[in-house]
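Chain residues, written in single-letter form:
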Amino acid sequence: MNFEDVLTSLDEVLKQKSLSDIQELVFCQTWQGKTYAEIAEEASYDSDYIKYVGYQLWQTLSEAFGEKVSKSNFKTVLRRNAQSKIESISRPLELRTELSPSSVPTVLEKQYFRDWGEAVDVSIFYGRDRELSTLHKWLVDENCRLVLLLGMGGIGKTSLSVKLAEQIQDDFEYSIWRSLRNAPPLEEILVDLLKFLSKQQEIELPKSIDGKISRPIEYLRKHRCLIILDNAESVLCETPVGYYRDGYENYGALSKRLGEEQHQSCLILTSREKPKEFASLEGDALPVRSLVLKGLEETQGRKILTTRSLYGPEKDKNVLVESYRGNPLALKIVSTSIRELFDGSITDFLREGSIVFNGIRSLLVQQLEPLGDVETKVMYWLAVNREPILLPELQEDIASPFSMPKLLEALESLGRRSLIERGPAGFTQQPVVMEYMTE
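Reading the values: rules and limits
The numbers attached to residues start from 1 for each chain and follow its sequence in the written order. Per-residue local features of the predicted model are confined to residues with pLDDT of at least 70, and side-chain atom pairs are confined, for both listing and counting, to 80 or more; whole-chain, interface and lining totals are unaffected and use all residues. Where side-chain values are given, they derive from all heavy atoms of the structure, hydrogens and water being excluded. Think of it this way: a Phe, Tyr or Trp ring, Trp meaning its six-membered ring, pairs with another when their centres are within 6.5 Å, and the plane angle makes it stacked under 30 degrees, edge-to-face over 60, tilted otherwise. Note on conventions: DSSP H or I runs of at least 4 residues are helices, E runs of at least 2 residues are strands, and numbering of each starts at the N terminus. Only protein chains enter the accessibility calculation, which uses a 1.4 Å probe; a residue whose area is less than 20% of its type maximum is buried, one above 50% is exposed, and one in between is partly exposed. We call two residues in contact whenever any of their non-hydrogen atoms come within 4.5 Å of each other. Convention adopted: a line fitted to C-alpha atoms gives each axis, helices being fitted over their contacting stretch, and angles between N-to-C directions are expressed from 0 to 180 degrees. Handedness of a helix crossing follows the sense of rotation of the near helix relative to the far helix, less than a right angle counterclockwise being left-handed and clockwise being right-handed. Side-chain classes are defined by residue name, with Ala, Val, Leu, Ile, Met, Phe, Trp, Tyr, Cys and Pro counting as nonpolar, Asp, Glu, Lys and Arg as charged, and the others, Gly among them, as polar.

In total, this model carries five aromatic pairs according to the counting rule given. Between the aromatic rings of Y174 and F196, the centroid separation amounts to 5.6 Å while the plane-to-plane angle is 90°, which identifies the pairing as edge-to-face. Taken as a pair, Y174 in strand β3 (residues 174-179) and F196 in helix α9 (residues 186-197) lie far apart in primary sequence, 22 residues in all. Considering the side-chain rings of Y248 and Y251, the 6.3 Å spacing of their centres and the 20° angle between planes classify their relative orientation as stacked. Each member of the pair, Y248 together with Y251, is buried. Ring-pair connections join several aromatic residues into one group, and the members of that group are F113, Y174 and F196.

If you want it as structure tokens, here you go:
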């Protein structure tokens, strides 16, 4: 099967549709065995953009062929389709008439249902290949039932959840994405789920809370469903960490049941704080997992700076990315300020020596205001030390005499709020958090 035959076969399958120029380029180059990185380099495109074009291409071909088409199997699908046509043409006329589509029962094509709600646009997406690979393994290969994406504000949890949903949507019959940003009552979310999963056939829930949760779960047992609830911190109280606001405790009941009970679906939560029920449910060998999101790698962080017309030596770009630990939102906020105040010069901005101001300050205040006395003291002393510090040294530094249990509770709380980091050398803070606490 030469390449001209491939294109002819493709045109016949696509019928009225056609590939865009960039999709055709990716298809041709992939047929020749080139990687997305090689295609991007030769065609002078960003590699993430080429990956996205490839994703759209395989989606289009999957719809046209009525089966899942991917970078790894598209040649097989095309050859099988071509062979099927040859056999159909060479079959005797009498047999072809006897086996016409009207007389042969067909296998019903699998239907997919999507509702992305207010999901953000992720056509421009930076990095996260490792995280996406891990999540794909958890959800598709290991059938995890409950997954938490955890990280501080602006780290990219929302975008990652949407990108993941786009990549694995064909592994689920139903996919739905909802934001909890405005703290809707659980009943509102459950009704929304029930309507979607029942194709608008059911619009009312049972009276009891167990019944309200049980009804959608019945669909999650019958069908493979992906549910994503973004901004789960909106239904959590400020203190103690991980507990629910008054009237929102049933979100915990939903998570607990979905983590413990048998079903073939998955609920993904994104949050700045870890809900308390995860402590008893999660584990590497269990169907409940948490993924803590760190910042972007330097190369991806530099891409954000470049796309926003900032300039400067590579070492200054790396310093800026590290100052915000690769936090995408913080880098986007500071990029705007550098453009407006320093005409895009990263070097001039770094010379001023302050990385906390305006939008960055607001981002930090949201997460630091709810802290209690012990947590605040710990944050101050971590900032004073500047370098990672071990637990005994930290207890010795703090002027007020806190018991070890109180100190451990504070460290656990700060960790669950994504405000401190723990490494072999001890506890520390991200540079931008440290700068804020120092001020």
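From this point, the narrative continues.
Looking at the element boundaries, P287 is found in the loop between α12 (278-281) and β6 (288-292). Between the alpha carbons of P287 and R145 there is a distance of 5.4 Å; along the sequence they are 142 residues apart.

Looking at where R417 falls in the secondary structure, it is placed in the loop between α20 (404-416) and β7 (421-423). The contacts of R417, once residues within four sequence positions are left out, are E238, T239, V241, R272, E273, Q367, P370, L371 and E375.

What follows deals with the packing of helix α3 (residues 36-43) against helix α4 (residues 47-65). Axis separation between α3 and α4 bottoms out at 8 Å; the angle between their running directions is 120°. Here the hand of the crossing between α3 and α4 comes out right-handed. Along its contact with α3, which presents Y36, I39 and A40, the element α4 presents S47, I50, K51, G54 and W58. Looking at side-chain class alone, the contact of α3 with α4 contains five nonpolar, two polar and one charged residues.

So, to be careful, I would describe these as geometric facts and stop short of saying anything about function.
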